[in-house]
Amino acid sequence: MPAIMLLLTELEFFIIKYGDEYQLGRTHMQDATPITLNTYISSFTSQLHGYMTHLEQAISDLHSIGQGGTAVGSGINTNKNFSILFINELNILFENKSFPPLFKLHDSKLATTTSHDAILNLQSILASIATGLIKLSNDIILLNSGPRSGIGEFKYYAEEPGSSLMPGKSNPTQCESLNMISCQVLGYYNAMLIANSMGTLELNVYKPLMIYNIIQSIQLLSGGITSFSSHCIRQLTINKEQMHENVHNSLMLSTVLSTEIGYQRAAEVAKLAETTGKTLKYIAVVELQYLTAEKYDTLINSAFSTGNGNGNGTQNQIQNPVEEQNQAEEEEENILPPPSNKYNEY
């Protein structure tokens, strides 16, 4: 729990610093429409909050125990009050030690010896956390790729030399370390799935394996998340210029044109821009004359003020790339074909 809270805190600080910036969305590893970093990073913080909720429930289930069931859950050879007395003493022992919730008797003492579902359920939550961490770290690896030939929108702070052969190379070692930890946790989970299925009749004797795996998983994840939060997320920055360039050059901005000229014409604009190397605006306004320049700008600007995915329709505080280009063209009197620089607005 504390490690997840630390990661949440670092991600929320990242949102405070960079949340209003736009990045190009990507689906199927292809360009999609722009989103804010607030929208993007909030998907991870939402996951983490969900993990916390699931962990609390899983821990609560662990506090339901079958003490006093003896050999086959019948309670043979025990005092009839033993179970209640034991639970009371256990709760007194952990009183005022921040160890919620209270222990209680399971409604079937035999169920706690024939299988260990509560332990497996907790490990399943840890496995879910591992998959979420792999997604987060892999995304950072991709967005940090480069620095010259990759996406290059994130800047990973390397605390150590990345290569003994290639000078100046920086590798995302914290991400890779967290991925290896997460893979190990998933391996522990698979072993526990098998172990929990190995009960025969009134007893499952594989609990030692399951307890060992879950303790190892907790220790690995706690250490890995803490290191990743402190040495990666806390020092992670962005390359604004690269992000703005990627957004501005994206053909997927044609998506907002479809609300005015229809899907087929918007697709035609995007395909022509791709094959000719000309800008969307030049194709839509000059070559095909589907829109006026003013209407095109209005539609494109709407892509940067449609909300952040969390119900907040906030406008980006940093001027978006289209507005930057429009300001640079205020002195232009006519719409002209683009010169050699393909990144000009026309």
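Residues numbered from 1 in each chain as written. Predicted model: local features only at pLDDT ≥ 70, side-chain atom pairs only at ≥ 80, totals over all residues. Heavy atoms only, no water.

A. Structural detail: the pattern of salt bridges. Counting across every chain of the model gives seven salt bridges. Salt-bridge contacts for Asp 297 lead to Lys 281; the nearest nitrogen and oxygen are separated by 3.0 Å. With a gap of 16 residues between them, Asp 297 in helix H12 (residues 293-302) and Lys 281 in helix H11 (residues 280-287) connect regions that are remote in the sequence. With respect to class, Asp 297 is no different from Lys 281; both count as buried. (Salt bridge = Lys/Arg side-chain N within 4 Å of Asp/Glu carboxyl O. Helix = DSSP H or I, 4+ residues; strand = E, 2+ residues; numbered from the N terminus. Buried < 20%, exposed > 50% of the residue type's maximum accessible area, 1.4 Å probe, protein only.)

B. The pairing of strand S2 (residues 30-36), seen in detail. Strand direction decides the pairing type here: strand S1 (residues 22-27) and S2, joined by five bridges, are antiparallel. Of the residues in S2, the one forming a bridge with Arg 26 is Asp 31. Linkage of S1 to S2, two consecutive antiparallel strands, is achieved through a turn of two residues, within which His 28 is found at a positive phi near 55°. (Pairing = 2+ DSSP bridges.)

C. Just helix H3 (residues 82-93), in detail. Across its 12 residues, H3 extends 16 Å between first and last C-alpha, which sits within 8% of the 16 Å expected from 1.5 Å per residue. Listed as buried for H3 are Ser 83, Ile 87, Leu 90 and Asn 91. Seen along its axis, H3 keeps its buried residues to an arc of 95°; they face one direction. Pointing more than 90 degrees away from the buried face of H3 are the exposed residues Leu 85, Glu 89 and Ile 92. (Expected span 1.5 Å × (residues − 1). Arc of directions from axis to C-beta.)

Geometric values such as these leave the question of function open.
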